[in-house]
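# Geometric and topological summary
These are the residues of each chain, in order.
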Amino acid sequence: MTDTPTTPPSAASARDALVRVRAEVAKAVVGQDAAVAGMLVALLCRGHILLEGVPGVAKTLLVRSLAASLDVGTKRVQFTPDLMPGDLTGSLVYDSRVSDFEFREGPVFTNLLLADEINRTPPKTQSALLEAMEERQVSVDGTPRPLPSPFLVAATQNPVEYEGTYPLPEAQLDRFLLKVVLPVPERDDEVSVLRRHAGGFDPRDLAGAGIRPVATAADVEAGAAAVRSVEVSDEVLGYVVDIARATRHSPSLALGVSPRGATALLATSRAWAWLSGRGYVTPDDVKALAVATLAHRLMLRPEAELEGTSVTSVLHSVLASVPVPR
């Protein structure tokens, strides 16, 4: 008897499934809708996301909740100062039974990798993720080994001024499609968090919170294919380029958006348009994703830093200065 081939989900059913993911994550996490949307956008664009925030704003819980709502493989790595690259990617181990070396996969061989507190490990181990994130493969002893698909690195980090942190190099920051800063929740949201805990919510028991898998790897793949067919007018393409070029001429910035950053903004805008139920990109889609896609790719001039200027405020000024196409 032969197995009946599985029919891939339609674009519409894939979108419905991914929209339900947001509702599942909301069963455990309150008030971080932008971060949830960012993780879905990263999945659809085959990219990676960096979540930054002070301890206790549910960064890890957010990624664990996303993993619980997706029927995909997931692993977690706690980054520490003594973590070695081989602990992440895997290594060759001698097997005396066959008198030969065999490769033992590291935790990077999964669909969704939670890289917890990535900036608590030295740059050498941080860099071990570079090939995996960019090439979606790991090379050990000269042999490339492909990673599963889909593959998403969802990394968390504390602000760089905290004790025991190592700033991520610019090359690695650029590998993250999105960087989302998780704020301390508003008062009403914080009351909701406490109400849930008072009612018996246990963040270590997501199944007990009612989170269940509502989307599969096939839904993610179907959604990613649909995103690539979202139409982008020449006017919107020009708008993306104008934003990128305006950052390069900003007197407050030493480093503006590269062409890679512009293509990243195009990709995230298309994914957001598709998740919103449209087959075309609007300037509002571009604006909605601009800060999360571009801010971590910019570098302030020293004099702007001394004045207390932030990258986000500069980017908002740039967006306000660039004419919006009709």
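Relevant structure appears above.
An account of the accompanying structure is given in this report.

The rules behind each value
Residue positions are given per chain, counted from 1 along the sequence in the order it is written. Where local features are concerned, this predicted model is filtered to residues with pLDDT of at least 70; where side-chain atom pairs are given and counted, the filter is 80 or more; whole-chain, interface and lining totals use all residues. With hydrogens and water set aside, each side-chain value is computed from the structure's full complement of heavy atoms. Here, nonpolar core refers to any group of buried Ala, Val, Leu, Ile, Met, Phe, Trp, Tyr and Cys residues whose side-chain atoms link them within 4.5 Å. Relative accessible area decides the class of each residue, using a 1.4 Å probe on protein chains only: under 20% of the type maximum gives buried, over 50% gives exposed, and in between gives partly exposed. Strands are runs of DSSP state E lasting at least two residues, helices are runs of H or I lasting at least four, and both sets are numbered from the N terminus onward. Note on contacts: a residue pair qualifies if any of its non-hydrogen atoms lie within 4.5 Å across the two residues. Structural elements are reduced to axes, namely lines fitted to C-alpha atoms, with helices fitted over the stretch in contact, and the angle between N-to-C directions of any two is expressed from 0 to 180 degrees. Roughly parallel here means an angle under 35 degrees, roughly antiparallel means over 145, roughly perpendicular means 65 to 115, and every remaining angle is called oblique. A crossing counts as left-handed when the near helix is turned anticlockwise from the far one by less than a right angle, and as right-handed when that turn is clockwise. Classification convention: Asp, Glu, Lys, Arg as charged; Ala, Val, Leu, Ile, Met, Phe, Trp, Tyr, Cys, Pro as nonpolar; all other residues, Gly among them, as polar. Using a grid of 1 Å spacing that covers the protein atoms alone, one calls a set of points a cavity when a 1.4 Å probe fits there but cannot get out, and a pocket when the set is open and has protein on both sides within 12 Å along at least five of seven lines; lining residues are those with an atom within 4 Å of a point. Grid points are joined across faces, edges and corners, and a volume is the space filled by probe spheres set on the points. Think of it this way: DSSP has to see at least two bridges between two strands before they count as a pair.

Time to look at the nonpolar core. Ile49, Leu51, Leu62, Leu66 and Trp274 are the most contacted members of the largest nonpolar core, which has 73 residues in total. When residues in this core are grouped by element, the largest group, 8 residues, is from helix 2 (residues 33–44). Setting aside its immediate chain neighbours within four residues, Ile49 contacts Ala35, Gly38, Met39, Ala42, Leu152, Val153, Ala154, Ala155, Phe176, Leu178 and Val180. Listed in part, the 24 residues of the second largest apolar core include Val77, Phe109, Leu113 and Val153.

Moving on to the packing of helix 8 (residues 217–227) against helix 10 (residues 259–275). When two helices pack together, their arrangement is given by the angle between their axes and by how far apart the axes lie. In contact at an axis separation of 9 Å, helix 8 and helix 10 are set at 110° when each is read in the N-to-C sense. Classified by the interaxial angle, the pair formed by helix 8 and helix 10 is roughly perpendicular. Crossing of helix 8 against helix 10: the hand is right-handed. Contacts between helix 8 and helix 10 involve Gly223, Ala226 and Val227 on the former and, on the latter, Arg270, Ala271 and Trp274. Tallied by class, the residues present in the contact of helix 8 with helix 10 amount to 4 nonpolar, 1 polar and 1 charged.

Counted by the stated rule, this structure contains 1 cavity of 30 Å³ or more. A volume near 30 Å³ is recorded for the largest cavity. Taken together, Leu43, Leu70, Val72, Asn111, Leu112, Pro150 and Leu152 form the lining of the largest cavity. Within the lining of the largest cavity, the residues separate by chemical class into 6 nonpolar, 1 polar and no charged.

Residues Val138 and Val140 of strand 7 (residues 137–140) are buried on one face, while the alternating residues Gln137 and Ser139, pointing to the opposite face, are not. Sheet analysis places strand 7 next to strand 8 (residues 143–146), joined by 4 bridges and oriented antiparallel. Bridging across to strand 8, Val138 finds its partner in Arg145. Turn length for the strand 7-strand 8 hairpin, with the two strands adjacent in sequence and antiparallel, is 2 residues, and the turn residue Asp141 shows positive phi of about 55°.

The next point concerns the sheet that holds strand 3 (residues 74–78). Strands sit in the order 3-6-9-1-10 across an open sheet of 5 strands; the sheet is parallel. Whereas interior strands pair on both sides, the edge strands pair on one side only; in this sheet they are strand 3 and strand 10 (178–181). When the angles between neighbouring strand axes are averaged without regard to direction, this sheet yields 15°. Both strand 3 and strand 6 (residues 112–116) contribute to a ladder of 5 bridges, which runs parallel. The residue of strand 6 that forms the bridge with Val77 is Ala115. Running at roughly 170° to strand 6, helix 3 (residues 59–69) makes contact with strand 1 (49–52), strand 3, strand 6 and strand 9 (152–157) of the sheet.

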